[in-house]
Amino acid sequence: MKKKFINVSEPKLSSKTKDYVLDCIKTEWISSSGSYLESFEKKWAKYCNMKYAVSVTSGTAALIVALKALNLKPGDEVIMPSFTIISCALAIIEAGGKPVLADCDLDTWCIKTDEIKRKISSRTKAILIVHMFGHPANIDEIKEIIKNKKIDLIEDAAESHGSKFKNKVVGSFGKISCFSFYVNKLITTGEGGMALTNDTSLYNKMKNLRNLAFNKTRRFSHNEIGYNYRMTNIQAAIGLSQLEKITEHIKIKRQNTFLYNKILTSYNLPISLPSEKQWAKSTFWMYGIVLKNKKMTAKTLSRKLFDNKIETRPLFLGMHEQPIFKKMNLFDSDSYPNTEYLSKYGLYLPSGLRLNKPKIKLICKTLKSILSGK
Ligand SMILES: Cc1ncc(COP(=O)(O)O)c(C=O)c1O
């Protein structure tokens, strides 16, 4: 029998998705207002224990409106992880701030608290944390650092819908929290994002930035640079049907992770596996592993798995190693060893919502034969 390719990720839509999307089409509410948008914003904010929601076209757009809403001045610094997606740095730059990098923790892959302490200065205006691969950052330690300081906490929970820090859902701790609903996320709108806040003025500012920064008093008059980041009712209809399934999606991710962990632990391979701090409930967005003995790079392993019809993705390339930022001379010459280690020796295995036990067993067996030669 011909072996089928196992994709790294796939979405799982429900019958409700079709009903809601068809409803948009039947009623012709297909653009950037409508009942699905209102409902999705309201329900996502409620799920995350926040007051206000601004739906946008992507997680990157959510970060941009969030950072712009902070009114950064030239020279203002925002501390962010070196191990993350470029969207975080782009948003800070777009908002006129200076990104300052902090290395990550090797257990959680999130920003390392001690590194924040090392990088904080009188110019620090915000800390942008990323809850990485479903695992929350250590909120208590970070809040302790900024206590009594005029420093805002911004959360990027793109990869961690529904994850919990000490029983409280992530995205409920920051001044603003940002989400992506890209197709590989725990819940999706195809493309899309959201920014949440409890602050009325930040909410109004972000809403205005999303819609070309129109003046309230004179339409087609604009006092600042805005964007067209408006989500459509159709995207929100998909999002709403997904939100109704979030508990099921979290269960699938956790079950698959535990099965991977059980099999791979029994093989005793030289790799580190996803884990959970005792204060965390991770949604294990993607199943990431890291090669411990450095005998093989993630790139080589990925190629070997691909030859066996198993798709993988590399982990992030550090921000300090980005060719564009090197050209811009954006960052100091500090070293980020944990980020470099993860990006060279880490990858993630198939983690889609339609993955099943036989596929996980096959992936683990293939991994074992590649790494142990048996
Ligand atoms: C941590 C993180 N933040 C932000 C984003 C950007 O989201 P989007 O792709 O929707 O722009 C991503 C990737 O999707 C991400 O992984």
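Just so we're clear, the structure is a prediction, and the values are computed from it rather than from any experiment.

**A look at the side chain of S351**
Okay, step 1: Take S351: it is sitting in the loop between strand 14 (346-349) and helix 13 (357-372).
Okay, step 2: Separated by 2.6 Å, the side chain of S351 and the backbone oxygen of L349 make a polar contact.
Okay, step 3: With residues up to four places along the chain from it excluded, the contact list for S351 reads V8, K253, W285, M286 and Y287.

**A few points about the packing of aromatic side chains**
Okay, step 1: Evaluated as defined, the whole model comprises 22 aromatic pairs.
Okay, step 2: Plain terms: the ring middles of F40 and F181 are 5.2 Å apart, the flat faces sit at 55° to each other, and that makes the pair tilted. Pair noted here: F40 is in helix 2 (residues 35-47) and F181 is in the loop between strand 8 (176-180) and strand 9 (193-197), with a separation of 141 residues, a long-range link. The exposure classification of F40 matches that of F181, with both residues buried.

**Notes on the nonpolar core**
Okay, step 1: With 96 residues, the main nonpolar core has L67, F133, I176, Y260, L301, L349 and L367 as its most contacted residues.
Okay, step 2: Looking at this core element by element, the count peaks at 8 residues for helix 3 (residues 59-69).
Okay, step 3: Two domains each donate at least three residues to this core, and these are domain 1 (15-243) and domain 2 (246-372).
Okay, step 4: Beyond its immediate chain neighbours, meaning those up to four positions away, I176 contacts A66, A69, L70, L153, I154, E155, A195, L196, T197, L202 and M206.
Okay, step 5: Formed by 28 residues, the second largest nonpolar core is a distinct cluster that contains V169, V170, L186 and I250.

**Some words on the sheet that holds strand 14**
Okay, step 1: The strand order across the open sheet built from 4 strands is 10-12-14-13, with neighbouring strands paired in antiparallel fashion. Each having just a single partner strand, strand 10 (271-272) and strand 13 (313-314) make up the two edges of the open sheet.
Okay, step 2: Of the strands in this sheet, strand 12 (287-291) and strand 14 touch helix 10 (residues 298-307), which is tilted by about 25° from strand 14.

**Topic: the domain arrangement of the chain**
A common way to report how large an interface is uses the accessible area buried once the components associate.
Okay, step 1: In terms of domain boundaries, the chain breaks down into domain 1 (15-243) and domain 2 (246-372).
Okay, step 2: Domain 1 puts 47 residues into the contact, and the matching count from domain 2 is 39 residues.
Okay, step 3: Buried area between domain 1 and domain 2, both sides added, is near 3600 Å², and the carbon and sulfur share of it is 66%.
Okay, step 4: At the junction of domain 1 and domain 2, the tally comes to 4 salt bridges.
Okay, step 5: Linking domain 1 to domain 2 there are 20 residue pairs in polar contact (both at pLDDT 80 or more).
Okay, step 6: Among the secondary structure elements, those contributing two or more residues to the side of domain 1 that touches domain 2 are helix 2, strand 2 (77-81), helix 4 (86-94), strand 3 (98-102), helix 5 (113-119), strand 6 (164-165) and helix 8 (233-243).
Okay, step 7: The class makeup of the residues in the side of domain 1 that touches domain 2 is 24 nonpolar, 12 polar and 11 charged.

**Focus on empty space enclosed by the protein**
Okay, step 1: One pass over the full model with this rule turns up 2 cavities of 30 Å³ or more.
Okay, step 2: Of the volumes computed, that of the largest cavity is approximately 60 Å³.
Okay, step 3: The wall of the largest cavity is formed by K253, N256, T257, Y260, F284, W285, M286, Y287, P350, S351 and L355.
Okay, step 4: A total of 4 residues in the lining of the largest cavity trace back to one element, the largest contributor, which is helix 9 (residues 246-267).
Okay, step 5: Broken down by class, the residue content of the lining of the largest cavity amounts to 7 nonpolar, 3 polar and 1 charged.

Basis of the calculations
- Numbers given to residues run from 1 along each chain, matching the order in which its sequence is written.
- In view of the model being predicted, local features appear only for residues whose pLDDT reaches at least 70, and side-chain atom pairs are presented and counted only at 80 or more, with totals across whole chains, interfaces and linings using the full set of residues.
- Hydrogens and waters are ignored; side-chain quantities use all the structure's heavy atoms.
- Each helix is a run of H or I in the DSSP string that is no shorter than four residues. Each strand is a run of E no shorter than two, and both are numbered from the N terminus.
- Here a polar contact is taken to be a pair of N or O atoms separated by no more than 3.5 Å, where protein atoms must pair a possible hydrogen donor with a possible acceptor and residues adjacent in sequence count only if both atoms sit in side chains.
- We call two residues in contact when some of their heavy atoms are within 4.5 Å.
- A pair of aromatic rings is counted whenever rings of Phe, Tyr or Trp (Trp by its six-membered ring) have centres within 6.5 Å, and the orientation is called stacked for planes under 30 degrees apart, edge-to-face for over 60 and tilted otherwise.
- Buried means the residue's accessible area, taken with a 1.4 Å probe over protein chains only, is under 20% of the maximum for its type, while exposed means over 50%, and partly exposed covers the values in between.
- We call a set of buried Ala, Val, Leu, Ile, Met, Phe, Trp, Tyr and Cys residues a nonpolar core when their side-chain atoms join them within 4.5 Å.
- A domain assignment, automatic or from a database, supplies the domain bounds used here.
- When DSSP finds two or more bridges between two strands, those strands count as paired.
- Every angle, taken between N-to-C directions, lies between 0 and 180 degrees, and every axis is a line fitted to C-alpha atoms, over only the stretch in contact when it is a helix.
- Buried area is calculated as the accessible area (1.4 Å probe) missing from two parts once they are joined, with the contributions of both summed.
- Here a salt bridge means any side-chain nitrogen of Lys or Arg lying within 4 Å of a carboxyl oxygen belonging to Asp or Glu.
- Three classes are used: nonpolar for Ala, Val, Leu, Ile, Met, Phe, Trp, Tyr, Cys and Pro, charged for Asp, Glu, Lys and Arg, and polar for all others, with Gly counted as polar.
- Only protein atoms enter the calculation, which uses a 1 Å grid: trapped sets of points that fit a 1.4 Å probe without letting it out are cavities, open sets showing protein on both sides within 12 Å along at least five of seven lines are pockets, and any residue with an atom within 4 Å of a point is a lining residue.
- Grid points are joined across faces, edges and corners, and a volume is the space filled by probe spheres set on the points.

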